[in-house]
Each structure stands twice: as structure tokens, then as C-alpha cells.
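# Architecture at a glance
What follows is each chain in one-letter form.
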Amino acid sequence: MMALRKGRYEAATATSADEIAEAQRLRWLCFVGRGRDGPPDARDADDYDGRCTHVLIRDIASGRLVACFRMLTLSGGAEIGDSYSARYYNLSRLHDFTGRMVEIGRFCIHPEWHDPDILRLAWGALAQHVDRQGVEMLFGCSSFMGTDTHGYEDAFAMLRERHLAPKRWLPRVKAPKVFRFARALKLRKPDPRAAMAEMPPLLRSYLAMGGWVSDHAVVDSQMDTLHVFTGLEISAIPPGRARLLRAAGA
């Protein structure tokens, strides 16, 4: 069981069905309700929840759940077909990855909370899990809100220019509806400031540590998002950042 405190927040793994239901409720608020109140029993749940470890981040003083995410640990690339991401991307090129992998999913922060320490603690919790389990790659789907590409052109152009996956790992298209931004924005020169403003916070963190993305975004009408496959090889994290992550997870 994970238990980690930093400042006013605590990260811990869910230990009961009620705690998982609480995370599902927050996920509904963030991904479906988009901050709007819904029915008391509204949840975002799927068949992966029973296979994952759920991490909950709370405000210590109030006990309120302010963020959550789930982790699916795989022994290596041979199991990547069992991941949530494999429903949307052809990940056959990652079958040869021999190290342990963790898929990070459904990461969300309560829309009323904007403290950057929440994301720092989340990465600290991940660093703790990576070290304990000997994980060599993190991966998942990084989401842009909405399915309209307008307003995200600079972000996608920057992903194409600087952050595409190495060819040996590059996911192929599988989903029926995608935005092939590496092709569509081939001639666009991104405005770095605008690009970073458009980029989701979790994806910004991945990229700062040496992460990479697919060359296309999946148009997910069910979740009302555009998402890109995102990978991060632990060995590629700059030493200075690795030290900061481990310090946050200590």
C-alpha cells in the first residue's frame, strides 16, 4: 500500500470499493460533467478498474478527494495488448519492449483545485511505484478537452516538430477516427508560448522529462476528448528531474 504526504496533501492507494467509487465519481465530474453537478450516483467506470491500482490524492485537512489516477502494471511489451491504450492504438511495435511497464490512466484533478503541488505529489507517487516495481516505461493517453482541433494547432505542431516517438516504438493508427497532426501540420511552425498554453498539464510534465507521443490523435467522442498516446522511458529522464521526482516520493 502506498502512503505519501507532502504539505497539505496525501496520496494513497485505494483499499476499498467505496474509495474506488469515490475516484470514479471524481472522474465523472472531470471527464463527463466537466465541473457540472450530476446525479449523486454518476460515475465514470469501466472494466479496467478492477485490474488497476487506484491512487487517490486528498486534502489532509478536509479529507476531500482532489485528484486521482489508476495504474496498470505489465511485465513487458508482450502484455501491452491488454492495456486500455491498445483499444485505440496499434501498439505492435512496443511488443519487443522487455522491461516492466505501467499504464497511467484516468488522471484528473478536481476542477476547483489548481494547486501545482497536487501534480507534483502525483509524480512523487509514480516515482515511488517506479522504483519499487523496477518499472522501465510509463505510458498512457494524454487528453485535450473536446474533439475540435481548432485552438490546439500550435500544441500539435510542437508535438510533431519536437516530441514524436522514435520510429521503433511509434504507434500505428487503429481507431476509426483520428487527427493525423504530423501530416496535417507538416508546414506549420509552432508558437512555443501558445503551444505550451494549449498543452494539458500532465502532457507538459511527460514532455519535460523526455516523453514522446504518437503522430496522430484519437478523436474520442464518448469521452469528448482528443488524445495522443504518450510514452516515457525511465532511462531517458534527465538526472536532475529524476532526483526531484524521487525526493517528492520519499
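Residues numbered from 1 in each chain as written. Predicted model: local features only at pLDDT ≥ 70, side-chain atom pairs only at ≥ 80, totals over all residues. Heavy atoms only, no water.

Quick note on the threshold: UniProt positions are given in the numbering used here, feature names are shortened, and annotations may be inferred rather than shown by experiment.
As annotated in an unreviewed UniProt entry, the protein carries the name L-ornithine N(alpha)-acyltransferase and is attributed to Paracoccus yeei. UniProt annotates the protein under Catalytic activity (unreviewed entry) with the comment "a (3R)-hydroxyacyl-[ACP] + L-ornithine = a lyso-ornithine lipid + holo-[ACP] + H(+)". As its UniProt record puts it under Pathway (unreviewed entry), the protein is described as follows: "Lipid metabolism."

### Comments concerning the overall build of the protein
So the rule is basically this: Here a helix means four or more residues in a row that DSSP labels H or I, a strand means two or more in a row labelled E, and each is numbered from the N terminus. As a reference, a globule follows 2.2 Å times the number of residues to the power 0.38, and the radius of gyration itself is taken over C-alpha atoms. Whether a residue is buried, partly exposed or exposed follows from its accessible area with a 1.4 Å probe, protein chains only, as a fraction of its type maximum: under 20%, in between, or over 50%, in that order. Throughout, a contact is declared for two residues whenever any of their heavy atoms are within 4.5 Å.
Along the backbone of the protein there are seven helices and 12 strands. Relative to the compact-globule value of 18 Å for 250 residues, the protein shows a C-alpha radius of gyration of 17 Å, a close match. With respect to the principal axes defined by its C-alpha atoms, the protein has extents near 50 × 40 × 35 Å. When the 250 residues of the protein are sorted by exposure, 53% land in the buried category. Residue pairs in contact within the protein that sit at least 24 positions apart in sequence constitute 74% of those at least 6 positions apart.

### Focus on the packing of aromatic side chains
We apply this condition: Only Phe, Tyr and Trp rings are paired, with Trp represented by its six-membered ring, and only when their centres lie within 6.5 Å; those with planes under 30 degrees apart are stacked, over 60 edge-to-face, the remainder tilted. Put simply, a charge is over a ring when the Lys NZ or the Arg CZ is close to the ring centre, within 6 Å, and near the line of the ring normal, within 35 degrees.
All told, the structure shown has 15 aromatic pairs when counted by the stated rule. When the ring of Tyr152 is compared with that of Phe156, the centres are 6.4 Å apart and the planes differ by 90°; the resulting orientation is edge-to-face. In this structure an aromatic cluster arises from ring pairing among Phe144, Tyr152, Phe156, Phe179 and Phe181. Arg70 extends its terminal NZ or CZ atom over the ring of Tyr84, reaching a point 5.6 Å from the ring centre.

### Structural notes on the pairing of strand E7 (residues 135-145)
For a regular strand, side-chain orientation follows a simple rule: the groups alternate between the two sheet faces. What counts here: At least two DSSP bridges between two strands are needed for those strands to be called paired. Call a crossover right-handed when, viewed with both strands pointing away from you, the route from the first strand across the helix to the second goes clockwise.
Across five bridges, the pairing between strand E6 (residues 100-109) and E7 is parallel. Bridge pairing in E7 links Met101 to Met137. The handedness of the E6 to E7 crossover, carried by helix H2 (residues 116-133), is right-handed. Relative to strand E12 (residues 225-233), E7 runs antiparallel, the two sharing nine bridges. By the bridge assignment, Phe139 is partnered in E12 with Gly231.

### A look at the environment of Arg100
Mapped onto the elements, Arg100 comes out in strand E6. Residue classification places Arg100 among the partly exposed residues on the basis of a relative accessible area of 29%. Excluding residues within four positions of it along the chain, Arg100 makes contact with Thr73, Leu74, Ser75, Gly76, Gln133, Gly134, Val135, Glu136 and Met137.

### A closer look at the nonpolar core
Convention followed: What makes a nonpolar core is a set of buried Ala, Val, Leu, Ile, Met, Phe, Trp, Tyr and Cys residues whose side-chain atoms join them at distances within 4.5 Å.
Counting residues in hydrophobic clusters, the biggest one holds 33 residues, and the most contacted among them are Ile57, Phe69, Met71, Ile104, Trp123 and Leu138. Ranked by residue count, the leading element in this core is H2, at nine residues. The residues touching Leu138, leaving out its near neighbours within four places in the chain, are Val102, Ile104, Trp123, Val130, Tyr206, Thr230, Gly231, Leu232 and Ile234. Within the second largest apolar cluster, 22 residues are counted, among which are Tyr48, Leu72, Met101 and Trp212.

### Some remarks on the environment of Cys141
Secondary-structure assignment places Cys141 in strand E7. Spatially, the C-alpha atoms of Cys141 and Gly76 are 18 Å apart, while their sequence positions differ by 65 residues. Setting aside residues up to four positions removed in sequence, Cys141 forms contacts with Ser85, Tyr89, Ile104, His227 and Val228.

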